[in-house]
Amino acid sequence: MTSRTRIATNTIGIAGVCAIAASAWAAEPREFWPADGLTKVLRSATAGSAPPVLEAAGARGEIVSAQAVLRASRNLPGATAALSELHRKGASGTIGPAAVKLQWVRYIDINRNTEGIPADELVAKAPSSLPDPYWEDPTIPVKADHAQPVWIEFHIPRDAAPGDYEGRLSVTGEGFAAELPVRLHVWDFEMPQERHLSVVNWWNFPGLGFADKVKSYSPEYWQLLSRFCAFLVEHRQTDINTSVGLIEETGNAQQGFVHDTARLERYAETAFAAGIRQIQLHSVGRATAGLTEPHSRIEPVESHLRRLAALEQVIRRRGWTRRFAVSISDEPFIYHEETYAAMVDRVHKTAPSVRCIEAVEAEYLGQLDIYVPKLSHLNLWYPRFDQVRREGAELWFYTCCHPTGRYPNRFLDQPLIKTRVLHWINYLYDMDGYLHWGLNHFAGDDPYTQEGISQKLPLGDRAIAYPGRTGLLGSLRFSAQRDGLQDFEYLWVLEDRLRSVKEKVGREAFWLDPRQRPVELCRRVVRSFHDHTRDAKTLLETRRAIAEEIEALQTEPLLVVQTSPPEGTVIPAGPRVVNVRGLVAPGAKVTVNGRAVKTLRPSGYFLLAHFMGDKQPTITVRVEHNGRARTVRRSFHLTD
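Below: a short report on this structure. (Residues numbered from 1 in each chain as written. Predicted model: local features only at pLDDT ≥ 70, side-chain atom pairs only at ≥ 80, totals over all residues. Heavy atoms only, no water.)

**Overview of helix 6 (residues 337-350)**
End to end, helix 6 covers 20 Å across 14 residues, agreeing with the expected 20 Å (1.5 Å per residue, within 8%). Looking at helix 6, one finds that the buried residues are Thr-339, Tyr-340, Ala-341, Met-343, Val-344 and Val-347. Where helix 6 is buried, its residues meet strand 18 (285-287), strand 19 (298-300), helix 5 (302-318), strand 20 (324-326) and strand 21 (355-360). (Helix = DSSP H or I, 4+ residues; strand = E, 2+ residues; numbered from the N terminus. Expected span 1.5 Å × (residues − 1). Buried < 20%, exposed > 50% of the residue type's maximum accessible area, 1.4 Å probe, protein only. Contact = heavy atoms within 4.5 Å.)

**A look at helix 12 (residues 476-505)**
The terminal C-alpha atoms of helix 12, which comprises 30 residues, lie 44 Å apart, in line with the 44 Å expected from a rise of 1.5 Å per residue. Counted residue by residue, helix 12 has 21 buried out of 30 residues, so it is predominantly covered. Gly-506 sits one or two positions beyond helix 12 and adopts a positive phi of about 85 degrees.

**Quick notes on the environment of Ile-108**
Secondary-structure assignment places Ile-108 in strand 7 (residues 100-110). When its relative accessible area of 0% is taken as the criterion, Ile-108 is described as buried. Counting along the chain gives 371 residues from Ile-108 to Ser-479, while the straight-line C-alpha distance between them is 17 Å. With near-sequence residues (within four places) excluded, Ile-108 lies in contact with Ser-128, Ser-129, Leu-130, Pro-133, Leu-412, Tyr-448, Thr-449, Gln-450, Ile-453 and Tyr-466.

**Details of the packing of helix 3 (residues 219-234) against helix 4 (residues 262-274)**
Where helix 3 meets helix 4, the axes come as close as 8 Å, and the angle between the chain directions of the two elements is 40 degrees. Between helix 3 and helix 4, the angle falls in the class oblique. Classified by chirality, the crossing of helix 4 by helix 3 is right-handed. Contacts between helix 3 and helix 4 involve Tyr-221, Trp-222, Leu-225, Ser-226, Cys-229, Ala-230 and Val-233 on the former and, on the latter, Arg-263, Arg-266, Tyr-267, Thr-270, Ala-271 and Ala-274. Classifying every residue of the contact of helix 3 with helix 4 by side-chain character gives 9 nonpolar, 2 polar and 2 charged. (Axes fitted to C-alpha atoms, helices over the stretch in contact; angles between N-to-C directions. Parallel < 35°, antiparallel > 145°, perpendicular 65-115°, else oblique. Left-handed = near helix turned anticlockwise from the far one by under 90°. Nonpolar A, V, L, I, M, F, W, Y, C, P; charged D, E, K, R; others polar.)

Given below as structure tokens:
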């Protein structure tokens, strides 16, 4: 398509296209409609009350997910999706098609469901076909009367001007054509390049689809490692794993041992250059019996400890402090408390620059640097793990084939919101990271099957990324994980902006807790380790509210409000007093529920004791300054 054609076809505009489309859809069933990035579209899906415009929003530097669904009335031997150039409404600026990735969604047939998941927490009851992988080819056949989604990822340029961008998404194929108007809103802030949450999905590298094609440690091997790492970094994963056995050992106890660290150094160089932050090594210890056996102990693997000592020298020589962590023995139980703690001390003595990380099944395991309890155990034993963090350890959590029930996890037959809210939990509890064991641990030879990604385990537990021809391919679940990590960063940015306001104001902002407002918003989506919204609209609206509050902090008039107790608190009668504090520009006019605030100080700090009536659960604060106004509201739950 020529640029002249692109300009000409945009002259109708979104409103005109919507009017034409609405008229056409009133006369015949819709064959192409938008869906949000939290819906697993089943083959039986129809347009229903879907809106006529595909809308998405994101920050500069963010990857924003959306999807559109095709349901043709006849077979299409080949359907191809394309997106036009997006033009900024009312101003100059474009986002080209090269910044947008379109991928057809692929389905996996299931004949069982994950055990332990309540029926109302499942996407569909088996037998069914569930969406997850992406097709690698841009053109695929589409069966008549089968819903077929195309997944859309807007890679918003960091230099994009804020505002609304409009264009068209089309699908064509042998006499068939369908089109949707698209509107992308770009927020006036950036997605941080730095990752503020550590994340790892343990992989099998090179893994199925590549191990038989690439010779170990050949130039092609290192190129593949670089591509794989770049793919993970794009999905905001910070860590990868490998074996301490990459360090080659020769010799014997009598003559001494020699260690060749070249392979591990090359591995690390390649990963770090691609943006990976830390490498996790497995493992320098082992259990002497089953983990749940009372007589089981943790003992060292002496050859691996010698390799660890060699790594310590590499770290010091190359300045790689805090770039390596090591596991001792996966998932130690309560019976291992003493022997595991002793192993931690030995590792620290052997390699002081290497941190100890472990997915744990117990609370007292010595001076571990990074405790990673299972989400359900974190819920049950949280006071102890919170103490561990206060004592200086990092606190992550992990999921695997557990937990089930109503806990969030990333199983194939769960809604995508279950995967996405995991990282809202990370923010709510101020944790440092997330771990899952299964990036691409396929069973058998076909990864695009139920058993390939699930054998003997809950659906999808083995893998969340798939092998393509030249590298890894994503999935709905892996995109949802990335989107949840970006949600975490929205909350982090709001906290960071409030911290900057506090520092700027100084002494009279002593009361401002930069985390309180992000946590209030976070609680609209997650309320505990297992209690979270199931409504995609609630999550997306909360995300929009966070973005709007970030933007408000950089525009006039300034209005920062903090209540004690926080918004959302249940307040019984007797009396109900909410202390309201805030910051505005000096000289501004402030009202609370229409009543003028008379305690405004020269710095812009104001305070008010608000007595809440029995039927007045909302506090409305309004500021007026230099001809501009802004209003914020804080709502509470009132009981007798």
